Every structure is written in structure tokens, then in C-alpha cells.
Amino acid sequence: MKRVILSAILATPLAVFCQETYTIEGKVGDLNAPAKVYLSTRGGLDSADIVNGVFKFSGEVERPTAATLVLAHKGEDIRQQREADALNLYLVEGTTTVASADSLSKATLAGTELNKDQGELNVALREVKKLEADLMSFYYGTSDEQRQSPDFEKQVEEKVEAMQSAQLKVQEDFVKTHPSSLVSLYTVSRIDPKRDFEKSKALFEILSNDLRDSEIGKEYRERQDKVAATQVGKIAPEFTQADTTGKPVSLSSFKGKYVLVDFWASWCVPCRQENPNVVAAFNKYKDKNFTVLGVSLDRPNAREAWLGAIKADGLAWTQVSDLKFWENEVAVQYGVRSIPANYLIDPEGKIVAVDLRGEDLVSKLEELL
């Protein structure tokens, strides 16, 4: 479920910008209090009252910044909303206008070129939003007991896959018709090369030369290069990191065995849910030339949480971490931007599988061993 995300925020600048003053002027029907509009960015959350449907935000940013407007029709806490009435846009120099008769999800964007393009993409993504709403209704329409069944998990995975495929098709069509738009660059930069390497490469090459040579373009190309080096069939990049006792551990020290390099963290719920599957595979094949090397993306000053999770989940294999969160040096080296993630490496050091989950891990090991 963590993969069901309404928007992603850019983490690197397009160029060095001076301060830009943005204004958002909105009109949503004739709504009044207790309705409120929230402006969500990576930097935090702001809010504005609605009077006769009118609201306004203004401020300064150093560069165009991705943001999301969320409407709380009854003034409710938007963090508790299952199906948010939301609109993606950019905080950019100038005045952006938002207009709708009843909801933000149906609003139009105008006033700034970047948001005109984003408005066009928003319209194209509405069918994807319907798939997302159907997924949420399906998920929350079942009991806790039903959610524990393998059949339910399979259905959720199929719905998520269908939604993500539909989203990627819309994004692909938009980039092809808007190769010089900043929105296309931002859209491509959100596609994880690790999930769909060939597609990410193809879409990136569609972009104009100026966009590919921008700071975000260069950073994304670097991500692609890292993923290219960790594709199936490649020799796994060497690394060394300290284990739980502070002793340096190198990947090469496992040469001669099949080793699963498993990226996880104590704070990552999907990782903790997947751990029992890894434990089962380890226990079944640990005496058959197989082991696991855990790489934790735990936060600085979270050593105790890391060690506690290892003990609680029964992870009886070597664990390493530099406690640098998403800046974990091995994760950066391997281009890991989401967890859980793993790489199965053969005795010669070659990557033979990527991101094995559940029974897939056992099935692959059964095939190899």
C-alpha cells in the first residue's frame, strides 16, 4: 500500500534560482467554514480558510516546487482522509488560479505556464485516480481477518499493478507530446528506474536537450547509471559497511555463497511485514550455501531501534548500517530509493534476481539450490 502515493516531491533543484514569489488564488463553489484548504509540500503543511468558496496562498520558494492542495470539506484532519480531495500543482513565480464548482480533484489550473501543463496532466490522470479510489474502497471494505489471506494480498497487488501501469501510460503519453515542458522532466524524474529501467531510459531520451542537461536531468541520469550497474547479469558493486559491533563487513567476504543483500529499516512497515518471509527462506537454505546480508536505512541516533528490530524479528544473519537514513552509502551506491529492496547474488558475485518477495524468494532459491 505504500506504493499508492498521490504525489512525489522533487528533491533536487533544476538550477540555482533566486527567491520566487508565488500566489495561488482559488475558487471552489460557495464553500465556507468549517471547510479549509491545505497546502502540502515537502517542507510542511499550510492552511487557508474558505470564504464564499475563495481561498488564497502566497509565499516564496527558491525554485519551482511540487505541492498538493487538499480540501477538507468539513474541516477534518486531512491525514485521516482515505480518499483525499486533492490537486497537484507547482509553487512557481506568478499567480496560479484554481477553479472548480465543487471539488479540488476536478479543478482547472491557469495563470502560469508550468501549472497549465500540470493541469493538463491532472486531467489525463483522472482515470488513474478512479482506479486508486477503487483500490482504497476495496481495501477498507474488508475486515482485518480477510486482509490476512494470501488471496486478498494477491488481489491488492494486482490492483496496484494495474493502477501503476495505467499511470505510467498517461505519463508516457504526456512526455511524448510535451518534450520541452518542465512538467515532463519532473514527471520522468519520479519514475523509479529500478522498477522499469527500459521505460525510464526511453522517456528520458524523449526530453529536450536543455531538460536532460539541467541539474535534475543530470541527477536522474546518474540514478539510471546506478540502476544499470545493478541489473540482473551484472557483477554486484562491492561495498563495505560496519556491522552491529562496528566491525567492517565487505560484500566480497560472502563470495562463494548465494547471498541476498536485503535493504530494510526498523521504521519500514512493509519491510517488517516481509521479514518473516526472509527468515523462512534463511532457515530453509542456510545450510545449502545461502545467507542474507541486511543493509539498514535506519535514521541517525536510531541504533537502539535498529538493534531492537533485529532481535524482535529474529534476523539471525549479518546486519550492517551507517545509520544515515536514505543517505545510506550502500543504498545510494545501488540506487535504492524505496524499501524493501533486495538483490540475490550468486557465488561468483553476479546478480541473478532483484526484489524477490514472499514465495518468489523461496521459489528462486529452490530453482538455484
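The structure this text deals with has already been given above.
Residues numbered from 1 in each chain as written. Predicted model: local features only at pLDDT ≥ 70, side-chain atom pairs only at ≥ 80, totals over all residues. Heavy atoms only, no water.

A. Focus on the pairing of strand E5 (residues 65–72). Counting buried residues in E5 gives 7 out of 8 residues, a clear majority hidden from the surface. Where strand E2 (residues 36–41) lies against E5, 5 bridges are found, and the strand directions are antiparallel. Bridge pairing in E5 links Tyr 38 to Val 70. When E5 meets strand E6 (residues 85–91), the two strands line up antiparallel, connected through 7 bridges. Across the sheet, the residue bridging to Thr 68 is Asn 88, located in E6. (Buried < 20%, exposed > 50% of the residue type's maximum accessible area, 1.4 Å probe, protein only. Helix = DSSP H or I, 4+ residues; strand = E, 2+ residues; numbered from the N terminus. Pairing = 2+ DSSP bridges.)

B. Structural context of the nonpolar core. Counting residues in hydrophobic clusters, the biggest one holds 47 residues, and the most contacted among them are Leu 251, Phe 263 and Tyr 334. Listing elements by their share of this core, those giving two or more residues are strand E11 (258–264), helix H9 (269–285), strand E12 (290–296), helix H10 (303–313), helix H11 (329–334), strand E14 (341–345), strand E15 (351–354) and helix H12 (359–368). (Core = buried A, V, L, I, M, F, W, Y, C linked by side-chain atoms within 4.5 Å.)

C. A look at the pattern of salt bridges. Applying the stated criterion across every chain yields a total of 18 salt bridges. Asp 313 serves as the salt-bridge partner of Arg 272, at 2.5 Å between the closest nitrogen and oxygen. With a gap of 41 residues between them, Arg 272 in helix H9 and Asp 313 in helix H10 connect regions that are remote in the sequence. Three or more residues are tied together by salt bridges with common partners; here these are Glu 172, Lys 176 and Lys 199. (Salt bridge = Lys/Arg side-chain N within 4 Å of Asp/Glu carboxyl O.)

D. Geometry of the packing of helix H4 (residues 150–177) against helix H6 (residues 197–206). For the pair H4 and H6, interaxial distance at closest approach is 9 Å and the crossing angle is 20°. Relative to H6, the element H4 is oriented roughly parallel. Regarding H4 and H6, the two cross each other, and that crossing is left-handed. In this structure, H4 uses Leu 168, Glu 172, Val 175 and Lys 176 to contact H6, whose residues at the interface are Lys 199, Leu 203 and Ile 206. Partitioning the contact of H4 with H6 into residue classes produces 4 nonpolar, no polar and 3 charged. (Axes fitted to C-alpha atoms, helices over the stretch in contact; angles between N-to-C directions. Parallel < 35°, antiparallel > 145°, perpendicular 65-115°, else oblique. Left-handed = near helix turned anticlockwise from the far one by under 90°. Contact = heavy atoms within 4.5 Å. Nonpolar A, V, L, I, M, F, W, Y, C, P; charged D, E, K, R; others polar.)

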